[in-house]
Amino acid sequence: MDQSPTSTDLENVERAELEAEQQHVDRVYERVAEAARSASRIAVEGHQRGQAQNVGRVRDEEQTGLYERDVLVFAAARRIAELDAEHEGLVFGRLDSDQGDDTEPVAAAADLESLYVGRIGVRDAEYEPLVIDWRAPAAEPFYRATATDRLKVVRRRVLRNKGPRIAGLEDDLLAPERSPSDLPVLGEGALMASLSRARGHTMRDIVATIQAEQDEAIRAPARGVTVIGGGPGTGKTVVALHRAAYLLYSDRRRFERGGVLVVGPSAAFMAYIERVLPSLGENTVSLRAVGELVDGVRATAVDQADVAAIKGSLRMTGLLSRAARDRVPDAPTNLRVFINGATVELDANQLDNVRRNALRRTPRNKAGSEARKGLVAALWQRFPDDLRNGVYADRESFGDIVTDLPAYKQFFSAWWPVLTPGSVLRWLGDSRRAQRWSRGDFTTTEIDQLSAAIRSTNEFTIADVALLDELGNLLGRPPVVEAGKDEEFDWLEGLSDGVNEVLTTSERRQRAIAAAEAEEPDEYAHVLVDEAQDLSPMQWRMVTRRGPQASWTIVGDPAQSSWPDPAEARAAMDSMLSHLQRHTFRLSTNYRNSAEIYAFAGEVIRQQIPDADLPNAVRQTGVDPEHRIFDAGKVAEAAADAAGELLALVEGTVGVIVPPVLRPAIDSVLAELGDSRVVALSPLDSKGLEYDAVVVVEPDRIVSDTLGGVRALYVVLTRATQRMITINSTTHWLPARAS
Ligand SMILES: Nc1ncnc2c1ncn2[C@@H]1O[C@H](COP(=O)(O)OP(=O)(O)OP(=O)(O)O)[C@@H](O)[C@H]1O
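Not measured: the values here are computed from a predicted model.

The rules behind these values
The residue numbers shown here count from 1 along each chain, following its written sequence. Selection of residues for local features in this predicted model requires a pLDDT of at least 70, selection of side-chain atom pairs for listing and counting requires 80 or more, and totals for whole chains, interfaces and linings are taken over all residues. Here a strand is any run of E in DSSP of at least two residues, a helix any run of H or I of at least four, and the numbering for each starts at the N terminus. Field definition: a residue is buried when 20 or more other C-beta atoms are found within 10 Å of its C-beta, exposed when 12 or fewer are, and partly exposed for counts in between, with C-beta atoms placed from the backbone. For each residue, a C-beta position is placed from the backbone atoms; the residue is near a molecule or strand when that point lies within 6 Å of it. Lys, Arg, Asp and Glu make up the charged group, whereas Ala, Val, Leu, Ile, Met, Phe, Trp, Tyr, Cys and Pro make up the nonpolar group; the residues left over, Gly among them, are polar. Pairing between two strands requires that DSSP report at least two bridges joining them. UniProt positions are given in the numbering used here, feature names are shortened, and annotations may be inferred rather than shown by experiment. What counts as a contact here is a pair of residues whose C-beta atoms, placed from the backbone, lie within 7 Å. One less than the residue count of a helix, multiplied by 1.5 Å, gives the span that helix is expected to have. The directions considered for the arc run from the helix axis to the C-beta atoms. The term nonpolar core means buried Ala, Val, Leu, Ile, Met, Phe, Trp, Tyr and Cys residues held together as one set by C-beta atoms within 7 Å. Note on definitions: angles span 0 to 180 degrees between N-to-C directions of axes, and those axes are lines fitted to C-alpha atoms, for helices only across the stretch in contact. Here is the rule for angles: anything less than 35 degrees is roughly parallel, anything more than 145 is roughly antiparallel, 65 through 115 is roughly perpendicular, and the remaining ranges are oblique. For any helix crossing, the convention is left-handed if the near helix is rotated counterclockwise from the far helix by under a right angle, and right-handed if that rotation is clockwise. Confidence of the predictor at the level of single residues is captured by pLDDT, which takes values from 0 to 100.

J.: Which parts of the structure should I look at to understand the overall build of the protein?
T.: Counting secondary structure elements, the protein contains 27 helices and 21 strands. Counting all 739 residues of the protein, 42% fall into the buried class.

Put into structure tokens, the structure is as follows:
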């Protein structure tokens, strides 16, 4: 069948444009391959230079060689790693610009100035830029130019890539009246094309389609606290990650040395976002879930909602500080030594006094020598005057002799052991003691709940991690044991898995030293907190310890908070960061959900929070969410049916979000579907994630079983990009209009 002349013309133009762009992109790849070859050559040379060192006396020039080698190998290795990461397409944008509005429009497309934008900057052999880094100031108009403020841009072009091949072109004409007549304009919009793509199991970068309001937040100066707010799907997470990459680019010295830390809600979330930064050429950022912020612990277990609220409350600070200073349970309550023919004894009260004095200014694990001095002084006081002679004549030599006695040594190691945060946290399993430390800050019921939760498992929960951090701070890190001393401790004992391993003394010492040395830095130059609305006050204390001198990026949405009282979490953040200047950005467009799905989710949250800040969802699919009722006792079957139907309808992933109690039943029916595109997850785990289609199982139970209630349901209802089916036993949960 004949095609109309217009569409044939268009196809020819498109083909010619694609070819021309491909030629440029090919040049860039050739140049990168060349650079990679020379980088490996430099790496080899660098190693060789290092190997030429003689063992023995190191001369000055050899030292220089060593330094040079490190610099070269490091630079080359980094470059290679960057280049390997560019699988998504190195060049993704092009700007064609004129001189501005007050000049004559140019007559031909060839007279416009063109500039390519990519993941890293690449220059040709003459040092002319073939493509500039997306973070460079010259690339800003690519993201910021609008029809009303076009920043000299006439046409913005996005190159859709499949690896090194260009699959399509999407143009934006920003100044139609100044556009030369031979300037082709193609495609239907890069943003829409990218938003409609099927979702995989990991997040993708948005470097080709960052929107103007997002770009402002990404490039905001790294001072004080940058707060990025906005409703679900507005790109808060992805923008924050691009901001991390931008900060490293704009001040690499400061941020690479000082470190950038990204804190997210769960291990599942961290796995979801971990590809974004490497795809932007950055491998140096530490990503940690909030349950992994204390070295040696990877907590994934979640407390019941009410227990998490107790553990997260600021009232825990007083309780923990009293626990950290109290007697060690089961420690000896008196000290008796036999010296120069006399028995000298300290009773429980006297020992308590020595302990309190030792802890007055020094944390427990650092106060061993204070305690020792206190004991010697108290024993000396009780040592009869008539025996103070010879080597027992003065307190100092008396002390040396006493502290060398086996009875004293045995006493001391039981009375003043090195305390690990884990062991002290376990003490809270004794409700009588916990009650005493609470001094009325908690009710008896709360203490009983707390103690029962601590006793119920050997595993540390996510909420425990902030308590471990607090205790670590209160107890102090013990001085690292020097080789040859027979003292022994294991700081990590009880942290990793709650099971005590059998280790030799030297293994324990090695582990302690390795732990002290191998840690990532405790403090960072920039800390980025995602899903910040969910941090408890205790978690805020832990997170702010990671950056006493840092600048901050805080990302969150109060309407998605899992706290019973979001204002409390907000106040905790404010009080921890109040000394810093604050810049706030609000993202206003929901890029994730179809307009139909978000209209429904918005109605649900408005019932609870009438003034919730709802973004605009821009993408219509024509498919409304579907609400089903399941037959009594057949919830798992109904979920599997819905998931099966959705798998057939979407190309990408299907998430089945279930209240935790239903998880085992749903897991087994989903396994029968035998499709890796479908996953079951809890409402809490769904935070920050997204799927092409979502099945929401028993929404009313999600509301009743979580701390966040309707806010937790709102999170769940905003995870789908294309389709959503809810299944429930009744329609009561539906907002009036939808039922
Ligand atoms: N400019 C953009 N171009 C293309 N895709 C975008 C853009 N901005 C956001 N997105 C996409 O929208 C989706 C939602 O982004 P993101 O997860 O960062 O939102 P969020 O605000 O953190 O959401 P939530 O608060 O619900 O977790 C992601 O798939 C992201 O890639």
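Read on, since the account is not over.
J.: Teacher, can you tell me more about the site of the ligand here?
T.: Of all residues adjacent to the ligand, which total 24 residues, the nearest are T209, P232, G235, K236 and T237. Contributions of two or more residues to the shell around the ligand are made by helix 4 (190–195), helix 6 (236–250) and strand 15 (589–594). Residue composition of the shell around the ligand, by class: seven nonpolar, 12 polar and five charged.

J.: What should I look at first to understand the pairing of strand 5 (residues 153–162) in this one?
T.: Side chains on a regular strand alternate between the two faces of the sheet. A large share of strand 5 lies buried, amounting to seven of its 10 residues. Sheet topology places strand 1 (residues 91–97) next to strand 5; five bridges connect them, and they run antiparallel. Looking at the pairing, S97 lines up with V153 of strand 5. Bridge analysis of strand 5 against strand 6 (residues 165–173) gives eight bridges, and the strand direction is antiparallel. Following the sheet pairing, N161 is matched in strand 6 by I166. What sits between strand 5 and strand 6 in their antiparallel hairpin is a turn of two residues, with G163 showing a positive phi close to 60 degrees.

J.: Mind showing me how you'd approach the UniProt feature "binding site: ATP" (unreviewed entry) in the protein here?
T.: As annotated in UniProt, the feature "binding site: ATP" (unreviewed entry) corresponds to G230, G231, P232, G233, T234, G235, K236 and T237 in the numbering used here. In this fold, G233 is placed in the loop between strand 7 (225–230) and helix 6. Excluding its chain neighbours within four sequence positions, the residues that come into contact with G233 are N590, Y591, R592, N593 and T718. As for its placement among the helices and strands, T237 is situated in helix 6. A tally of 24 C-beta atoms within 10 Å means that T237 is categorised as buried.

J.: Any chance you could explain helix 18 (residues 444–456) here in plain terms?
T.: An α-helical segment advances 3.6 residues per turn. Residues three or four places apart therefore align on the same side. For helix 18, spanning 13 residues, the distance from its first C-alpha to its last is 18 Å, which sits close to the expected 18 Å at 1.5 Å a residue. Among all positions of helix 18, only I447, Q449, L450, A453 and I454 are buried. For helix 18, the buried positions fall inside an angular range of 160 degrees around the axis, keeping them on one side. Projecting away from the buried face of helix 18 at angles above 90 degrees are the exposed residues T444, T445, A452 and S456. Close packing links the buried residues of helix 18 with helix 10 (305–312), helix 16 (421–427) and helix 17 (431–438).

J.: Can you walk me through the sheet that holds strand 6 in this structure?
T.: Note: strands within a sheet are paired through backbone hydrogen bonds, in either parallel or antiparallel orientation. If you walk across this open sheet you meet the six strands as 3-4-2-1-5-6, and the pairing is mixed. With one partner strand each, in any of the chains shown, strand 3 (122–123) and strand 6 form the two edges of the open sheet.

J.: Before we go on, may I ask you to explain the nonpolar core in this structure?
T.: Where a protein is soluble and globular, its nonpolar side chains tend to be buried together. Counting 116 residues, the largest nonpolar core has V117, A244, V260, V465, L471, V527 and V529 as the members making the most contacts within it. Not counting chain neighbours up to four residues away, the residues in contact with V529 comprise V263, L535, V543, I554 and V555. Grouped together as the second largest cluster of nonpolar side chains are 44 residues, V604, A639, I657 and V703 included.

J.: Could you clarify how one ought to interpret the packing of helix 21 (residues 537–545) against helix 22 (residues 566–577) in this entry?
T.: Running from amino to carboxyl end, helix 21 crosses helix 22 at an angle of 25 degrees, the nearest separation of the two axes being 9 Å. Between helix 21 and helix 22, the angle falls in the class roughly parallel. When the axes of helix 21 and helix 22 are compared, the crossing they make is right-handed. Counted together, P537, W540, R541 and T544 of helix 21 and E568, A569, A572, M573, M576 and L577 of helix 22 form the full contact between these two elements. For the contact of helix 21 with helix 22, the per-class residue count stands at seven nonpolar, one polar and two charged.

J.: For this particular structure, what's the right way to read the confidence of the model for the protein?
T.: Detailed reading of the predicted coordinates is not advisable wherever pLDDT falls low. Confidence in the prediction for the protein averages 85 pLDDT; 86% of positions are at 70 or higher. This model gives residues 54–74 a pLDDT under 50, and the stretch forms 16 contacts once residues within four places in sequence are excluded. Taken as a whole, residues 482–508 scores under 50 in pLDDT and shows 33 contacts with residues more than four places along the chain or in a different chain. Across the interface, the model reports ipTM at 0.99; the global pTM reads 0.81.

J.: How should I be thinking about the sheet that holds strand 12 (residues 526–529) in this particular structure?
T.: If you walk across this open sheet you meet the six strands as 9-8-12-13-7-14, and the pairing is parallel. A strand with exactly one partner marks an edge of an open sheet, and here the two such strands are strand 9 (286–289) and strand 14 (582–587). Taking the axes of each pair of neighbouring strands and ignoring which way they run, one obtains an average angle of 15 degrees across the sheet. As paired strands, strand 8 (residues 260–264) and strand 12 are joined by four bridges and run parallel to one another. Following the sheet pairing, V263 is matched in strand 12 by V529. Relative to strand 13 (residues 551–556), helix 6 is tilted by about 165 degrees, and along the sheet it contacts strand 7, strand 8, strand 12, strand 13 and strand 14.

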